[in-house]
Amino acid sequence: MQIRSTTAQDLDVFLGTVHTAFGRFPETPDPDGGGLWWSALEMDRSLLAETEDGKAVGTATAYSFELTLPGDVVVPAAGITAVGVLPTHRRQGVLTEMMRYQLGELRERGEFLSVLLSSEGGIYGRFGYGPATYTRRMTVQRSQGAFRTQVRTGAIEVLPRSEATDVMEQVYDRYRRTQPGALGRPHRWWALGAGMPPMTPAPRYVAVHRDGDQPDGYATYVLDSGTLTIDEIITTDDAVFAALARFALDHDLVTEVVFKQVPTGHPLHWMFADFNAGQVSGEMDWLWMRLLDVPRALTTRGWLTDGEIVLDVDDPFLQERHRYLLTVENGMAECVETTRDPDLELDVRDLGSLYLGGTAPSTLVRAGHVTAHGSAAKADALFRSERPPHCLHWF
Ligand SMILES: CC(=O)SCCNC(=O)CCNC(=O)[C@H](O)C(C)(C)COP(=O)(O)OP(=O)(O)OC[C@H]1O[C@@H](n2cnc3c(N)ncnc32)[C@H](O)[C@@H]1OP(=O)(O)O
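Conventions and cut-offs
- Residues numbered from 1 in each chain as written.
- Predicted model: local features only at pLDDT ≥ 70, side-chain atom pairs only at ≥ 80, totals over all residues.
- Near = placed C-beta within 6 Å.
- Helix = DSSP H or I, 4+ residues; strand = E, 2+ residues; numbered from the N terminus.
- Nonpolar A, V, L, I, M, F, W, Y, C, P; charged D, E, K, R; others polar.
- UniProt positions renumbered as here; feature names shortened; annotations may be inferred.
- Buried ≥ 20, exposed ≤ 12 C-beta atoms within 10 Å, placed from the backbone.
- Pairing = 2+ DSSP bridges.
- Contact = placed C-beta atoms within 7 Å.
- Axes fitted to C-alpha atoms, helices over the stretch in contact; angles between N-to-C directions.
- Domains from an automatic or database assignment.
- Core = buried A, V, L, I, M, F, W, Y, C linked by C-beta atoms within 7 Å.

Engineer: Teacher, can you tell me more about the site of the ligand here?
Structural biologist: Neighbouring the ligand are 23 residues; Val83, Arg90, Leu95, Ser119 and Gly122 lie closest to it. The leading source of residues in the shell around the ligand is strand S4 (residues 73-85), at 6 residues. Residue composition of the shell around the ligand, by class: 11 nonpolar, 8 polar and 4 charged.

If you want it as structure tokens, here you go:
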């Protein structure tokens, strides 16, 4: 078996192989915004695994994304997807070889972070990826949806999805630059209707909130049999979030509102007069992180608290182990190799989970994955981000 990079000429073989591996997904982007990942494929960043006689049996690709780190730092990140192996060739190490090839290639390109959405939670930890952003659903019965929060509403206009793309792109771009864990949605993805919810073809509406002429938030939603389901509310302003949530909850002919993607710790829960009005379900991982260059990753993100910590980082898949002294002063970090005793010993997959600040080191210590020498409280304070990381991009 051999792994090789592809060119534009391999597109048909690539798509044929990936369709057979997944056994689902429609062929074309949905004009209502459903969107498909391969409508935006970068064929020079894709891989094929082939048998000795040249039959393609595996695929993987990477998108060139921008990712926001704590401290409003926007960096390039490789978005890994379309990872598939034909059902006839599974559990023979094809994925393992593709992952080895891909991580090597990303490093050769000078990339230091890669991210993915995992189809199943058991696949990617062994390759050094850890879940780093999380999301959950919140369901509110309209009869219980009174707010304690005072709502200051600007003007809200409802547009069909097809007429709202420019406004959404503008609002989303402002939002994602200050939201740790958010990915940029490149312009051509908007043009293709790719990368954002929904995955179903039901008609979508967009409620656009404006302060004067300036759009400062939107909610995309679908109404079906008394349930108003919100795919995403995008804004940088919590007051605008409250206004758009209120707009949904004040809808006639609606008995319940489902907020499909609410980050952990989001103030929505606290906006209701009755804390139990927001019923939470479906808590799950979203973005998985892989650090390809630990010192560069650690010195690039922003830090809220000064301090120093020694991390002993094991990378079993790439057979590397390094001990780093991380020193943070005025929000900037330095990271150098050290022989000092470690404060934390951890696998690179767990460092991926801590990296955006969505999981406290002490949680992984308590789960038995990370070893702390002394209290993990210092590490908790250090890794914290200004708000929980969240990602809404689908790829
Ligand atoms: C980012 C994304 O694109 S997510 C999409 C992933 N793709 C899919 O879900 C499509 C359907 N599934 C597939 O195509 C394949 O089953 C893949 C890609 C998940 C795995 O490919 P394979 O070539 O079978 O994996 P490979 O043989 O290298 O397995 C490596 C190890 O991972 C384990 N593994 C593989 N798939 C899974 C899984 N779904 N769940 C748990 N463990 C798994 C194997 O058991 C093996 O473990 P071992 O090293 O202890 O023996």
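Engineer: Where do I start with the UniProt feature "active site" (unreviewed entry) in the protein chain in this structure?
Structural biologist: Per the UniProt record, "active site" (unreviewed entry) is annotated on Tyr124 and Phe395. Here tyrosine 124 lies in the loop between strand S5 (113-117) and strand S6 (130-131). Of the residues examined, tyrosine 124 has 23 C-beta atoms within 10 Å and is grouped as buried. Topologically, phenylalanine 395 is positioned in the segment after helix H10 (377-383). Of the residues examined, phenylalanine 395 has 25 C-beta atoms within 10 Å and is grouped as buried.

Engineer: Quick question: what am I supposed to make of the sheet that holds strand S18 (residues 344-347) here?
Structural biologist: Within a sheet, each strand pairs with its neighbour through backbone hydrogen bonds, oriented either parallel or antiparallel. Spatial strand order, S17-S16-S15-S18-S19: 5 strands in an open sheet with mixed pairing. Edge strands, defined here as strands with exactly one partner in the open sheet, are strand S17 (332-337) and strand S19 (371-372). In this structure, S18 lies alongside S19, joined through 2 bridges in antiparallel fashion. Opposite leucine 344, over in S19, you have alanine 372 as the bridge partner. Where helix H8 (residues 348-355) meets the sheet, it contacts strand S15 (307-315) and S18, and its direction lies at approximately 100 degrees from that of S18.

Engineer: Got a minute to help me understand the domain arrangement of the protein chain in this structure?
Structural biologist: By convention, interface size is frequently given as the accessible area that disappears when the constituent parts associate. The domain boundaries assigned to the protein chain delineate domain 1 (2-111), domain 2 (136-284) and domain 3 (293-383). Look at where the C-alpha atoms of domain 1 and domain 3 centre, and you get two points 30 Å apart. Facing the 7 residues of domain 1 at the interface are 8 residues of domain 3.

Engineer: Help me understand the nonpolar core in this model?
Structural biologist: The nonpolar side chains of soluble globular proteins are, as a tendency, buried together. Counting 103 residues, the largest nonpolar core has Leu113, Tyr218, Leu244, Ala245, Ala248, Met289 and Leu291 as its most contacted members. When residues in this core are grouped by element, the largest group, 9 residues, is from helix H5 (residues 238-249). Among residues more than four places away in sequence, those in contact with alanine 245 are Ile233, Leu268 and Met271.

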